[in-house]
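Chain residues, written in single-letter form:
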Amino acid sequence: MSLTTPFSVQKLQTALHAKAKGSPNFRFHALYDKVYRKDVLAYAYERCKANGGAAGVDSQTFENIEAYGRERWLDELTQELKSRTYQPQPVRRVYIPKPDGKQRPLGIPTIRDRVAQTSAMLVLEPIFEADLQPEQYAYRADRSALDAVQHVHKLINTGHGQIVDADLSSYFDSVPHAELMRSVARRVVDGAMLQLIKMWLEAPVEETDERGNKRRSTRNRDEGRGTPQGSPISPLFSNLYMRRFVLGWKKLGHEKRWKAYIVNYADDLIICCRVGAEQALAEMRAMMSKLKLTVNENKTRVCYLPEEKFDFLGYTFGRCYSMRRGRVYLGTVPSKKRVQRICRAISDETGRDTVWQDSKTIVGRLNRMMIGWANYFCLGPVSQAYSAVDLHARQSGSMSGNRKQNQAKPDCGDAAKAQSTIHRETTVTAPVLDSTPDYTQYKRRPLCGRL
C-alpha cells in the first residue's frame, strides 16, 4: 500500500533538508520534540502498519493495537517519549536462509519500538540525506539498485575495466557504536536524541533455540558494535557509516589516482578502476581495517574485463554477444544464481504441500512473484533468462496439475470422474500455462557498449 506523506510532515522534512543542505557545518539542537509530535508519530505508525511484519518479543500485533485503540496506544507512546521514560524492549532475533546455505540474522523490534524508530528516522533522514554521497544508492529516495547497476555499466563502458569486487563480513553486526555516534553527533547535538539512538543500538537481543528456550544477550552493548538488520532506522545508520569510507576514498585522492570510482549499495561494494586495481584493493583493505570493518577475503577479488565476469546486485557484468547485430559488447544479464533462486521459489509455490490449495490463488502468487522479478531484471539482454523462468513455471504447473489429478479417488463413479476432469481443465493446467506473465509488456532498457 502506498502512503502519502502528510503535508505537515513534508513541510518539516523540507525545512530540515534545506537547512542541512545550505549549511554543511550546521548542527541541529532541537530535534527530540519532533519525534513525539502527533502528526509525525501517527504517520510513523501508518508506515509500520503498511509494512506489516511479525510481532516482537511482546507478541503484540497491529490487530491487538487496533482493538486496544490506536489513538490511545499512540498517546501512551507519546507520553513515554515526552517524559523520557521510554525504554526500548529487546529485539527478537530470527534467522533467514541465504542463497549460499548460510543464515542471515534478522532483528525484529516490537511494534512500539518500530514506530518510535520510524518517527526518529522521519526527522533524521532529511538531515543526513544532504550529506550522503552520490555513490551511495541504498535506502534513498529517487535511487534504486537498478540505478547502481546502470552506473556500473556506464563505468565499465568508459574504460574502467579493472574491478574490485568487494564483500564485507556481517556489515550490520560490525558497525562500531562509538564511531557511528560520532558521525551522528557531527550533525546532531540534541542530547535526548543521541541518548535515544544509543539505547536502540544497545538494546538486548532475544533468541529462541531449537527446544523453544528463550535467551537474551547484550552483545551489542558489551562489544560496542552492531545495529540490528531489520530495524527501521538501521538502513540510515548503515548509509551514514559507509559514507565515511566513500568520502575518505575521495579525500585521500584514490579516486583520482587510479580513476577508481565506488558504487555502493548497503553492504555491496564495487570499485571500477582504469588502472591500479590491485593497489586499490590493498588501500580498500587498509581503510576498512581502520573503520573496524572486516573484508570477506573469500568473496573479495579483482576482476579484469572483458576476460572475466563479476556479479553485482543480481546482475552478471561481462562480455555479451549479439547474434542479431553480430558484435560483442560489455553488458549485463541476470545472474545464474538469481535465475536459479526464482526457479526454486516457483517450485516451492507449486510443491506437494500446495496440492489442496485453489489453483487461482497459486497462479496469482506466481504471477506477482514473476512480474516483480521481471520488473527488476529488465536491463540488457534478458530473453534467455525469461525463457528459462517461463519454461520452469510451465513445467512446475504441469507437475502440480498431475499431482492434483492423482488425488481423485478411482472408485467414486462417473460423477466423481466428471468432477475430476472439470477440476483439472479449469483450475490446474490451463491457468498456469495461460496465466504466465507476458514479459514483453515491460519496457526493457538495453545496456550496450562496444568493446
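Residues numbered from 1 in each chain as written. Predicted model: local features only at pLDDT ≥ 70, side-chain atom pairs only at ≥ 80, totals over all residues. Heavy atoms only, no water.

### Concerning the overall build of the protein
The helix and strand tally for the protein stands at 19 helices and 11 strands. Residue pairs in contact within the protein that sit at least 24 positions apart in sequence constitute 73% of those at least 6 positions apart. Accessible surface computed for the protein: about 22800 Å², of which carbon and sulfur atoms make up 49%. (Helix = DSSP H or I, 4+ residues; strand = E, 2+ residues; numbered from the N terminus. Contact = heavy atoms within 4.5 Å. Areas by Shrake-Rupley, 256 points an atom, 1.4 Å probe, with all protein chains shown as cover.)

### Describing unusual backbone geometry
Note the cis peptide between L305 and P306, where omega equals 5°. With respect to the helices and strands, the residue P306 is situated in the loop between β8 (301-304) and β9 (310-312). With phi around 65°, S59 is a residue other than glycine that occupies positive phi space. Backbone geometry places S170, a non-glycine residue, at a positive phi of 45°. Mapped onto the elements of the fold, S170 is located in the loop between β3 (162-167) and α8 (171-174).

### Focus: the side chain of Q136
Relative to the assigned elements, Q136 resides in the loop between α6 (111-129) and α7 (145-156). Of the polar contacts made by the side chain of Q136, one reaches the backbone oxygen of N239; its length is 2.9 Å. Beyond its immediate stretch of four places on either side in the chain, Q136 contacts R143, N239, M242, R243, V246 and N264. (Polar contact = N/O pair within 3.5 Å; in protein donor to acceptor, adjacent residues only side chain to side chain.)

### Quick look at the sheet that holds strand β6 (residues 261-265)
Here we have four strands laid out as an open sheet, ordered β6-β7-β3-β8, and antiparallel in their pairing. Each end of this open sheet is capped by a strand with a single partner; those strands are β6 and β8. Strand-to-strand twist across the sheet, computed as the mean angle between neighbouring axes with direction ignored, equals 20°. In this sheet, β8 lies alongside β3 in antiparallel orientation, the contact comprising four bridges. Pairing of D165 across the sheet is with R301, part of β8. Strand contacts of helix α12 (residues 234-251): β6 and β7 (268-273), with the helix running at about 170° to β6, the strand carrying the most contacts. Relative to the sheet, helix α14 (residues 277-290) contacts β3, β7 and β8, its axis offset from that of β3 by approximately 25°. (Pairing = 2+ DSSP bridges. Axes fitted to C-alpha atoms, helices over the stretch in contact; angles between N-to-C directions.)

### Here we look at the pairing of strand β5 (residues 214-217)
With four bridges connecting them, strand β4 (residues 205-208) and β5 associate as antiparallel partners. Considered in β5, the bridge of T208 is made with K214. From the end of β4 to the start of β5, which pair antiparallel, there are five residues, and G212 there has a positive phi angle of about 90°.

### A short note on the packing of aromatic side chains
Aromatic rings in a pair are described by how distant their centres are and how their planes are angled relative to each other. Under the counting rule described, the total for this entry stands at 14 aromatic pairs. Ring plane angle 5° and centroid distance 5.0 Å describe the contact between F310 and F317, whose orientation is recorded as stacked. Plain terms: the ring middles of Y315 and Y376 are 5.7 Å apart, the flat faces sit at 50° to each other, and that makes the pair tilted. Placement of the pair is Y315 in strand β10 (residues 315-322) and Y376 in helix α16 (residues 359-376), with a sequence separation of 61 residues. In this structure Y315 comes out as buried when scored by relative accessible area, which is 0%. Members of the aromatic cluster, connected to one another through ring pairs, are Y315, W373, Y376, F377 and Y386. (Phe/Tyr/Trp six-rings, centres within 6.5 Å; stacked < 30°, edge-to-face > 60°. Buried < 20%, exposed > 50% of the residue type's maximum accessible area, 1.4 Å probe, protein only.)

### Brief notes about the state of the cysteines
Overall, the coordinates contain zero disulfides when judged by the stated rule. The thiol of C273 is unpaired, and the distance to the nearest cysteine sulfur, on C272, comes to 7.3 Å. (Disulfide = S-S within 2.5 Å.)

### Quick notes on the pattern of salt bridges
Using the criterion set out here, one finds 22 salt bridges in the structure. The partner of E66 in a salt bridge is K49, with the nearest N and O atoms 3.2 Å apart. Within this pair, whereas E66 is found in helix α4 (residues 62-68), its partner K49 is found in helix α3 (residues 38-51), the two being separated by 17 residues in sequence. Relative accessible area serves as the criterion here: at 33%, E66 is assigned to the partly exposed category. A salt bridge links R112 to D113; the shortest N-O distance between them is 3.3 Å. Accessibility assignment for this pair places R112 and D113 in one class, buried. Connected through salt bridges with shared partners, the residues E46, R70 and E71 form a single ionic network. (Salt bridge = Lys/Arg side-chain N within 4 Å of Asp/Glu carboxyl O.)

### Concerning the pairing of β4
Where strand β1 (residues 91-97) and β4 come together, two bridges link them in parallel fashion. Paired with V91 across the two strands is V205, which belongs to β4.

### A few points about the nonpolar core
Core analysis: the largest hydrophobic core is formed by 77 residues, its most contacted members being F245, W249, M284 and M288. The greatest single-element share of this core, amounting to 10 residues, is contributed by α6. Leaving out residues up to four positions away in the same chain, W249 has contacts with H254, E255, W258, A260, I262, I271, A280, E283, M284 and M287. Residues V152, I342, F377 and V389 belong to the second largest nonpolar core, which totals 38 residues. (Core = buried A, V, L, I, M, F, W, Y, C linked by side-chain atoms within 4.5 Å.)

So far we have only geometry, and geometry alone does not tell us how the molecule works.
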